[in-house]
Number of protein chains: 2
Amino acid sequence: MRRSLKAHRAAPGRVKGFIPCKKTTIIGVGLIGGSLALELKGISPCAKIVGVDRTLGNLKVARKRGLVDSYTTDIAKGVKNSELVVVATPVRSIERVLKIAAPHLKKGCIVTDVGSVKEKIAKKAASILPEGVFFVPGHPIAGTEFSGAEAALKGLFKGKKCILTPTASTDRKALKKIASLWRAAGSEVVVMDARTHDKALASVSHLPHFVAYALVGTVADIDKKTSVLPYSAGGLRDFTRIAASSPQMWTDICAMNKRALLKVVKKFEKTLEALRTLVEKGDFHSLRKKFERAKKVRGLLNPGVAKPGGC
Amino acid sequence: MRRSLKAHRAAPGRVKGFIPCKKTTIIGVGLIGGSLALELKGISPCAKIVGVDRTLGNLKVARKRGLVDSYTTDIAKGVKNSELVVVATPVRSIERVLKIAAPHLKKGCIVTDVGSVKEKIAKKAASILPEGVFFVPGHPIAGTEFSGAEAALKGLFKGKKCILTPTASTDRKALKKIASLWRAAGSEVVVMDARTHDKALASVSHLPHFVAYALVGTVADIDKKTSVLPYSAGGLRDFTRIAASSPQMWTDICAMNKRALLKVVKKFEKTLEALRTLVEKGDFHSLRKKFERAKKVRGLLNPGVAKPGGC
C-alpha cells in the first residue's frame, strides 16, 4: 500500500504578511540566496538587504547586480539588528554560520535556511540559537547547475515547491511569515516533517545527482583509455549537465543525508543489477517491460520542473 | 596511454555527388527516417521518396507532412527500382527488412541504415544482400526522445556527427555517395570500424540510457510505497527525459550491442560502488575529488550535442 507523505499544503490564500521594510540578511549570496534577494527586492522595494559571503568578489557581483544593498564578509556584523536572516550557504556550513551568528541575533529575529537536507539542520539550529530567535527550516526545490551571485535569477522559485519542515517547537507565527515569503516569491509551500523530506529528496534529487556523477566518472575513465567523448549524444549531455553541479554542495548533501542516500543508492544498485541480469540472460521481453514502466514516470513528475532547474 | 580511435574524418570538401532525382525509399519513416526525408527534399527537390512503414497511420502523417511522395506498407513494392534505400527501422528489424527487400533491389542500388549498433548489422547485410547491391552501414548521432513521422525535424542532423562503418568489402563509390548525402544534411562524417563504433556508443549513449531507465525505475518503485515524485526537481527530470525514449528501440539496442553494453554497465557498477563506499566510510574529501573530475567532463563533449538531442 502506498503511504501518503506526512505533508500538507499550507492553506492557500492571498500573499500577505512578510514584507520586511527593515533589515534582512542573506548569508551566502549564491544562486538561491541571490535569487531570493531579487524576489525580496520585488516584494518589498524598501527592504534593506545585507549580503554576507566568504568571497568578497562574489559580494561585489551581488552589489553590482542589485541583489544586496550592502555587504560584509563578517557574519556577526551582517546579522546585527536584522529581522530576517536567510542562511543560503552550502548545507555543511549552516551549523558553523549559526554558531557565529547566534550571539549577535536580535530578539524576535527569524532565521531560515534553504538547505537540501533538513533533519540534521533543524536539530543543530535548535541547540545553537538563543531563546527569542525563531528558526524555520526551509528548502526551495529550485536551482540550476550554475552557482554564485552571477547565477541568481528572477523567477527562479516561480511554480516550484518550497518545503518547510517545522518541528513541534517551531514558532507558528514565524512559520507563517516564512511561508508568506515563499508564496510571494511564487512558490507553492508544502509543510512536512524533516525526516520525510530527507527521504523524499534522497530519492528524487540526491540519488539522481549521485548517479550522474558516477556515470560521467565512468565515461571519463573509459575516455582516458580510448577516446569516446567526441561521439557523445543527448543522453550523456544531460548527465554531464547534472554532474556539472557544484561538487562541494553535493558532497555536503551526501554527508548530511548519508543514511537516506545510502538506502536509495543500494536500491538503485539492485535495480541496475536486475536489469543487467535480464540482458545477460537475453530476456529482452522483460527488459522492454521495465523500460516501458520507466517511460511512464515522466508524466507523473512535479509540473514545476517542466522547465530547466537543478538540485 | 590513451589509444586514439581507429577513426578518421572523411576528407572535407564541397558537398557534391549524391543528388538522386529518381527513386529513394525510406523504410521506417520515424524520427530519423522522416528527418532524413526532409533533408533529401531540400537537397534534391525532384527526388521521389517512397515511405515504407508497418503503420499506415504513420505513413499518412509522413505524406501529410510532405516527408514522402508516396507510401506503402509493402517492403518489396517500396524498394522496387529504387536507387537508394535507407533502412531507418529499429535495429533489431533491420535483418528482417533486408531479407524481405533483397530479392527486389535493383542492380546498383545503394542500401544504407541508421542503426545505433553496427557490427552485427554489417555482417548480416553482407550475407543477405545480393551481388551488385551496395551496403553502407551508417549511424547519425542525432535524435530526440520523440519518435514517429510526427517527430521528424528539419535540421536534426546539422552539426552532428554521422559515423559510417565500412568493411573491407564496402564499395568505395557507394561509401562516398552516402558520405556526401550526410554532409549535405549538415553532418560531419566520421569513418571508423564497426566494433570501435559499438564500443564507443555503448559508453556514451547506450550506458546513459540504460542507467536512466534503471534510475527512473528505482524512483518509481520508491514512489509506489511512499509518494516522492511530487517533490522531484531538475535532476530527476533529465533522467525521465532520457528514459522516455522508445522502450522498443532501446531494448533492441541492448540486445544488439549486448557484449559491449554489459562491459560498460559492469564498469559503471564498480564506479558507483566505489563512490558509495566513500560515503559509507565518510571519506568526503575523496568524494568531492571524484565529483570535481566528473564536472570537468562537460567541457570535453561533442559540441554538436550542445543543443537538445537524443540517442
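Residues numbered from 1 in each chain as written. Chains lettered and ligands numbered in written order. Predicted model: local features only at pLDDT ≥ 70, side-chain atom pairs only at ≥ 80, totals over all residues. Heavy atoms only, no water.

Now for the relation of the copies chain B and chain A. Between chain B and chain A, which share one sequence, the superposing operator has a rotation angle of 180° and an axial displacement of 0.0 Å; the RMSD is 0.0 Å. Those values place the two copies in the arrangement expected of a two-fold rotation axis. Judged by C-alpha distance, Asp238 of chain B is the residue of chain B that lies nearest the rotation axis, at 3.1 Å. By residue overlap, the copies meet face to face through one surface: 100% of the interface positions of chain B are interface positions in chain A. (Least-squares fit on C-alpha atoms with pLDDT ≥ 70 in both. Contact = heavy atoms within 4.5 Å.)

As a further point, take the packing of helix H7 (residues 194-225) of chain B against helix H9 (residues 247-256) of chain B. Axis angle and axis distance: for two packed helices, these are the angle between their axes and the distance between the axes, and together they describe the pair. All names here are of chain B. At a minimum axis separation of 11 Å, H7 and H9 run at an interaxial angle of 125°. Comparing their axes, H9 and H7 come out oblique. In terms of crossing hand, the pair formed by H7 and H9 is left-handed. Here Ser205, His206, His209, Phe210 and Tyr213 of H7 lie close against H9, whose contacting residues are Pro247, Trp250, Ile253 and Cys254. Across the contact of H7 with H9, the residue classes tally to 6 nonpolar, 3 polar and no charged. (Axes fitted to C-alpha atoms, helices over the stretch in contact; angles between N-to-C directions. Helix = DSSP H or I, 4+ residues; strand = E, 2+ residues; numbered from the N terminus. Parallel < 35°, antiparallel > 145°, perpendicular 65-115°, else oblique. Left-handed = near helix turned anticlockwise from the far one by under 90°. Nonpolar A, V, L, I, M, F, W, Y, C, P; charged D, E, K, R; others polar.)

Another point: the packing of aromatic side chains. Counted according to the given criterion, the structure contains 8 aromatic pairs over all chains. Here Phe291 of chain A and Phe210 of chain B contribute two aromatic rings whose centre-to-centre distance is 6.3 Å and whose plane-to-plane angle is 80°, an arrangement assigned as edge-to-face. Of this pair, Phe291 of chain A sits in helix H11 (residues 284-296) while Phe210 of chain B sits in helix H7, on two different chains. Pair check on accessibility: Phe291 of chain A and Phe210 of chain B agree, each one buried. (Phe/Tyr/Trp six-rings, centres within 6.5 Å; stacked < 30°, edge-to-face > 60°. Buried < 20%, exposed > 50% of the residue type's maximum accessible area, 1.4 Å probe, protein only.)

Let us look at the sheet that holds strand E4 (residues 70-72) of chain B. All names here are of chain B. Pairing within the open sheet is parallel, and its 6 strands lie in the order E4-E3-E2-E5-E6-E7. Two strands bound the open sheet, and with one partner strand each, they are E4 and strand E7 (134-136). Pairwise comparison of adjacent strand axes, ignoring direction, gives a mean angle of 20° for this sheet. With 3 bridges joining them, strand E3 (residues 48-52) and E4 adopt parallel strand pairing. Following the sheet pairing, Gly51 is matched in E4 by Tyr71. Running at roughly 175° to E4, helix H2 (residues 56-64) makes contact with E3 and E4 of the sheet. (Pairing = 2+ DSSP bridges.)

Below, the discussion takes up the sheet that holds strand E7 (residues 134-136) of chain A. Residues and elements named next belong to chain A. Strand order in the open sheet formed by 6 strands is E4-E3-E2-E5-E6-E7, with parallel pairing between adjacent strands. Of all the strands in the sheet, just strand E4 (70-72) and E7 have a single pairing partner and so form its edges. Adjacent strand axes in the sheet meet at a mean angle of 20° when their direction is disregarded. In terms of strand pairing, strand E2 (residues 23-27) meets strand E3 (residues 48-52) through 5 bridges, oriented parallel. Bridged to Thr25 within E3 is Val50.

On to the layout of surface pockets. All names here are of chain A. Roughly 970 Å³ of internal volume is contained in the largest pocket. Lining the largest pocket we find 43 residues, and of these Gly30, Ala88, Thr89, Pro90 and Met249 sit closest to its centre. When residues of the lining of the largest pocket are traced back to their parent elements, those giving at least two are helix H1 (31-43), helix H4 (94-101), strand E8 (138-140) and helix H9 (247-256). The dominant element in the lining of the largest pocket, judged by the number of residues it contributes, is H9, at 5 residues. (1 Å grid on protein atoms, 1.4 Å probe; cavity = no way out; pocket = protein on both sides within 12 Å on 5 of 7 lines; lining within 4 Å. Points joined across faces, edges and corners; volume = space filled by probe spheres on them.)

Residues and elements named next belong to chain A. Because side chains alternate across strand E5 (residues 84-87), one face comprises the buried residues Leu84 and Val86, and the other comprises Val85 and Val87, equally buried. Note that E2 and E5 share 4 bridges and pair parallel. By the bridge assignment for E5, Ile26 is matched with Val86. For E5 and strand E6 (residues 110-113), the ladder comprises 4 bridges, and the chain directions are parallel. By the bridge assignment for E6, Val85 is matched with Val111.

So, on to the interface of chain B and chain A. Taken together, the 98 residues of chain B in the interface contact 98 residues of chain A. When chain B packs against chain A, the two sides together hide about 9100 Å² of surface, and 68% of this comes from carbon and sulfur. It is Tyr231, Phe291 and Arg298 of chain B in chain B that bury the most area against chain A; as a group they hold 9% of the surface buried on that side. Remark: the boundary between chain B and chain A carries 8 salt bridges. Linking Lys266 of chain A and Glu280 of chain B is a salt bridge whose minimum nitrogen-to-oxygen distance equals 3.4 Å. The tally of links between chain B and chain A comes to 19 residue pairs in polar contact (both at pLDDT 80 or more). (Buried area = accessible area lost by both parts, 1.4 Å probe. Salt bridge = Lys/Arg side-chain N within 4 Å of Asp/Glu carboxyl O. Polar contact = N/O pair within 3.5 Å; in protein donor to acceptor, adjacent residues only side chain to side chain.)

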